[in-house]
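Spelled out, the chains give:
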Amino acid sequence: MKKLVVILLFLILIQNLSALRVIPAKTEINFKSNLEKDFIYTVNHLNPNTHFDLYAKGDLVQYVTLDKESLTGGGSFIAHLKLPEEIEIPGKHIIYIGIREKVDEELLEAPVGTAVAIQSVIIINVPYPGKYVETQFSANDANIGEPVIFKLFIQSRGDEDVTVSPRIDVFSDKGDMINSISFNDRNLGKDEKLELQKTLNTANFNSGTYYAIASVNYGDKISEKNVSFRIGELSLKILNTSKLIKVGGIRKFTVQVESSWNNKIEGAYAKIVIYNKSGELANFKTVPIELEAWEKKDIIGFFDASDFEPGNYSDIVTLFYFGGSAGKSSVKFDSVRFIKERIINPYMILSLVLGILLIINVFLLIKNERKKK
Amino acid sequence: MKNSNLLTTLAVIVVITTLLTLIVTVNKIGMTGKATDTATANFTINSAASISFITNVVNWGSGSVDEIPTAAYLYTNGTVVDGTWNSVSQGLTLQNDGNVNVTVSLTSSKAAADFVGGTNPEFKWLVSENESNSCSSGLNPTSWTAVSTGSTTICSNMSYDDSKDALDIDLMVKVPEDAIGTKGCVITATGTAI
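Residues numbered from 1 in each chain as written. Chains lettered and ligands numbered in written order. Predicted model: local features only at pLDDT ≥ 70, side-chain atom pairs only at ≥ 80, totals over all residues.

1. Points about helix H1 (residues 346-372) of chain A
Step number 1: The end-to-end C-alpha distance of H1 of chain A, which contains 27 residues, comes to 39 Å, matching closely the 39 Å that a straight helix rising 1.5 Å per residue would cover.
Step number 2: Among the 27 residues in H1 of chain A, zero count as buried, and that is only a small part of the element. (Helix = DSSP H or I, 4+ residues; strand = E, 2+ residues; numbered from the N terminus. Expected span 1.5 Å × (residues − 1). Buried ≥ 20, exposed ≤ 12 C-beta atoms within 10 Å, placed from the backbone.)

This is the structure:
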């Protein structure tokens, strides 16, 4: 019986482009008893006919009221915040103010599509009892001799004034302490914040990955943050090279490299020599490439593998590259195996298929004969 | 020498003309009693959260399941298996147009059973970066995963940097031979400012 033809229409599309923009994206305030505050939101959308649902959610949502439930095409609305006298749980509380593109239910039965929603956030910091400090810590990558700038952001989140003693310890990737940087003691009032900066001289550093721990002591407590950073030098590491290549024709040779330099490396190319006991069989250059800071990339070259026989060969990969006005090179000795390309013989496959069909046919004929008997 | 003299004369004429022009201008606007004013220009850059689907159409058109198999598979990578639908070589692309990083989650108005119908239908999605490093936190899901009507966080930290602010959402639909009709659903992307 002939199978029924099933017809199905799939369309996932939208009536228009759905760029939705909400300002502000986030607001942060510190908790104050019975605080009342209005947050004005501006909503932009490309289509003036698009409808939006407005909503609020989050753990303090009961203290927020919106002056509108929906918008069309954009506009503005107000989220009114009325905080209670006290919030028991200290720390960061987030209220999400949502603007969601309204989907026309009637369109759901027809081609339908995409929609977008944005959630702006109101962060309310409820002070911790006593002394409490939060820290943020950052460091930049640099080349040897260039400064690494540590930025330490300290914010008092307790309901008492606090004296902080910050320090930064620098470690190698093996965990050996290399440097220790101290700051002056500083007083922070309730909700007060401080941004400190120190520079690390990297003139005597080796290239590599390091990490730094910022410790902010206050009273009998400590707030710690750590970051890792890289110190670079003009160097390209050869991570890998082609290990298996088929003989015959024009073949590809790949050299995977990784930059250890914190700037762009230009004109990086490889010169590759492939040889065995009988002598040199290929000598070619790859196409030059550029690498961004710390980037890992493949350098690719092509050569004629017609004279190669299956077997093991040695290769010498010499990398040439430039960073700024300086040029460098590095060499790697490796080996590569050449293998014979397996060619599928269509006649063999055809013969196999014919053989199988013949066996099936004979089997069916015998079965039929037995049935007749 | 003659040329040098001519140039010197011309230079002197130009300087005198400029001075005269300056005197006339000062005379016109007057200088007496002029106090120095200081103007301060202040401006605030608001944080703005904005996302959009820059590719928002996936349209396989109309089609049917082929004669022999029991289902067809439609992908947004240009593949249609065992069906007569048009091939679609691009999924949805979501872009962060704002000036803050966002957490992105997806919801679908329908899962496979409601969207496709029939016996053992499938409706799956997977996410990848349209521009490298658009999602520093890692993507989810990166292999075909059943579409959910609940919220799925696909990226916890999507960049707003113009060179790395786009994610691709590919879709796959398995259409059983007993599914029929016009189908549709809405995929909603929610961007939460971080």
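Having put the structure on the table, let's press on.
2. Remarks on the confidence of the model for chain A
All names here are of chain A.
Step number 1: Here chain A averages 89 in pLDDT, while 92% of its residues score no lower than 70.
Step number 2: Least confident of the elements in chain A is strand S1 (residues 7-12), whose mean pLDDT is 45; most confident is strand S6 (residues 64-66), at 97.
Step number 3: Per-residue pLDDT stays below 50 along residues 1-16; that stretch engages in 48 contacts with residues further than four places along the chain or on separate chains. (pLDDT = per-residue confidence, 0-100. Contact = placed C-beta atoms within 7 Å.)

3. Some details on the nonpolar core
Step number 1: Of all hydrophobic cores here, the largest spans 63 residues; its most connected members are Val 22 of chain A together with Ala 49, Leu 94, Leu 167, Ile 169 and Val 175 of chain B.
Step number 2: If we ignore the near neighbours within four places in the chain, the residues touching Val 22 of chain A are Tyr 41, Val 43, Ile 99, Ile 118 and Ser 120 of chain A together with Ala 48 and Ala 49 of chain B. (Core = buried A, V, L, I, M, F, W, Y, C linked by C-beta atoms within 7 Å.)

4. Section: the pairing of strand S5 (residues 51-58) of chain A
Residue and element names in this part refer to chain A.
Step number 1: For S5 and strand S7 (residues 70-72), the ladder comprises three bridges, and the chain directions are antiparallel. What sits directly across from His 51, in S7, is Thr 72.
Step number 2: For S5 and strand S9 (residues 91-101), the ladder comprises seven bridges, and the chain directions are antiparallel. Its bridge partner being in S9, Gly 58 is matched across the sheet by Ile 95. (Pairing = 2+ DSSP bridges.)

5. Here's the deal with the sheet that holds strand S17 (residues 193-200) of chain A
All names here are of chain A.
Step number 1: Pairing is antiparallel in the open sheet, where three strands are placed in the order S11-S13-S17. Pairing within the sheet leaves two strands with one partner each, and these edge strands are strand S11 (133-139) and S17. Strand-to-strand twist of the sheet, defined as the mean angle between neighbouring strand axes without regard to direction, takes the value 15 degrees.
Step number 2: Here strand S13 (residues 148-156) runs beside S17; their pairing, made up of eight bridges, is antiparallel. By the bridge assignment for S17, Phe 153 is matched with Glu 195. (Axes fitted to C-alpha atoms, helices over the stretch in contact; angles between N-to-C directions.)

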